[in-house]
Each structure stands twice: as structure tokens, then as C-alpha cells.
Amino acid sequence: MKLANTAQVQQIVKKINQYNLSNDDSKFSISTVSSGKNWGYSAQEPSFDNAILMKLSRIKELDNYDDKQGTITLTPGVTQQNLYEYLQEQGGKFWIDATGSSPECSITISFFIN
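Read on for an overview of the structure. (Residues numbered from 1 in each chain as written. Predicted model: local features only at pLDDT ≥ 70, side-chain atom pairs only at ≥ 80, totals over all residues. Heavy atoms only, no water.)

### Quick look at the overall build of the protein chain
In terms of helices and strands, the protein chain carries two helices and five strands. Every one of the 114 residues in the protein chain was classed for burial, and the buried ones make up 29%. In the protein chain, the proportion of contacts linking residues at least 24 apart, taken out of those at least 6 apart, comes to 50%. For the protein chain, the accessible surface area stands at approximately 7,600 Å², while carbon and sulfur atoms represent 49% of it. (Helix = DSSP H or I, 4+ residues; strand = E, 2+ residues; numbered from the N terminus. Buried < 20%, exposed > 50% of the residue type's maximum accessible area, 1.4 Å probe, protein only. Contact = heavy atoms within 4.5 Å. Areas by Shrake-Rupley, 256 points an atom, 1.4 Å probe, with all protein chains shown as cover.)

Below you can see the structure in the form of C-alpha cells.
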């Protein structure tokens, strides 16, 4: 499922947790994918059974930029290109130490909750 905002993620996690607490026979885990293009770090397919795949590429928010320390809060869908463009719009004082991969790769990596 491709989610559009953090509220949707929270709602789904809550439902899965409720299901897992009420069901002893079968439980679900959550596997997330940020941009889906971080090939060297993880695959898009979960590597375990009973997994729900959450695609987070549409959740693109940049917030809390500190132009003195160079810190920022961002969501999983933010790519290296998105962050570069945002920093340029802020005056280009800081730059990202990007990997040698695609500009379409997310800044965050994928993870799973079990």
C-alpha cells in the first residue's frame, strides 16, 4: 500500500497492533520502503512471512530546518534530489553528502517492525 501522510501510517500501525494483540495464532509484521530505489540497502519485498508492505515514497515533508547547525527533519519519501533542491532554495549554505547512487534514492532507509 502506498501511503500519503503520517496520519495514515499511524492509523494502519494502530490497526495492525490491535489485530496482533487480539490474535494468538497469526500476527503481522510491517515492512517499509522509502523511495524503493535504495537497492544496495534493501529490497522492496519483505523477507519474512505475514508482512504488510508499506510504501512511504509519497510522504515528502521537510521541516524544522536549522540554518545555523544544518539540521532538518524529513520524512521517508524525501529523496536526495528533494533535499538538495530544498537546501538550494534556503540559500545553499549547506549541502548533502550524497551517496553515489541515484538522486531518486531516499535519504532514509527501509526497516521493519515485528
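### Looking at the pairing of strand β3 (residues 62–66)
As defined by bridge partners, β3 adjoins strand β4 (residues 71–74) across three bridges and the pair is classed as antiparallel. Along β4, the bridge assignment pairs Leu 62 with Leu 74. In textbook terms, the turn of a hairpin is the stretch between consecutive antiparallel strands, and for β3 and β4 this stretch comprises four residues, one of which, Gly 70, has a positive phi near 75°. (Pairing = 2+ DSSP bridges.)

### Quick look at helix α2 (residues 80–89)
Among the residues making up α2, those that are buried are Gln 80, Leu 83, Tyr 86 and Leu 87. On an axial view of α2, the arc spanned by its buried residues comes to 130°, and they lie on one face. Gly 91 sits one or two positions beyond α2 and adopts a positive phi of about 110°. (Arc of directions from axis to C-beta.)

### Some remarks on the nonpolar core
Ranked by size, the top nonpolar core spans eight residues in total: Leu 3, Ile 12, Ile 16, Ile 30, Ile 52, Met 54, Leu 56 and Ile 59. Elements that contribute at least two residues to this core include exactly α1 (6–22) and β2 (51–55). Tyr 65, Val 78, Leu 83 and Leu 87 belong to the second largest nonpolar core, which has six residues in total. (Core = buried A, V, L, I, M, F, W, Y, C linked by side-chain atoms within 4.5 Å.)

### Observations regarding the packing of aromatic side chains
What the rule picks out here adds up to two aromatic pairs. Arranged with centres 5.3 Å apart and planes meeting at 50°, the rings of Tyr 19 and Phe 28 form a pair that is tilted. Since its relative accessible area comes to 31%, Tyr 19 is described here as partly exposed. When its relative accessible area of 30% is taken as the criterion, Phe 28 is described as partly exposed. With centroids separated by 5.8 Å and ring planes inclined at 85°, the aromatic side chains of Tyr 65 and Tyr 86 adopt a geometry described as edge-to-face. Within this pair, whereas Tyr 65 is found in strand β3, its partner Tyr 86 is found in helix α2, the two being separated by 21 residues in sequence. For the pair Tyr 65 and Tyr 86, one class covers both residues: buried. (Phe/Tyr/Trp six-rings, centres within 6.5 Å; stacked < 30°, edge-to-face > 60°.)

### As for unusual backbone geometry
Generally, phi is negative for residues other than glycine and the peptide bonds are trans, each holding for most cases. Phi is positive for Asn 50, which is not a glycine, with a value near 55°. For Asn 50, the location among the structural elements is in the loop between β1 (29–33) and β2. Relative accessible area serves as the criterion here: at 40%, Asn 50 is assigned to the partly exposed category. Residue Asn 64 is not a glycine yet carries a positive backbone phi of 55°. Following the sequence through the fold, Asn 64 ends up in strand β3. Among the residues examined, Asn 64 registers a relative accessible area of 52% and is labelled exposed.

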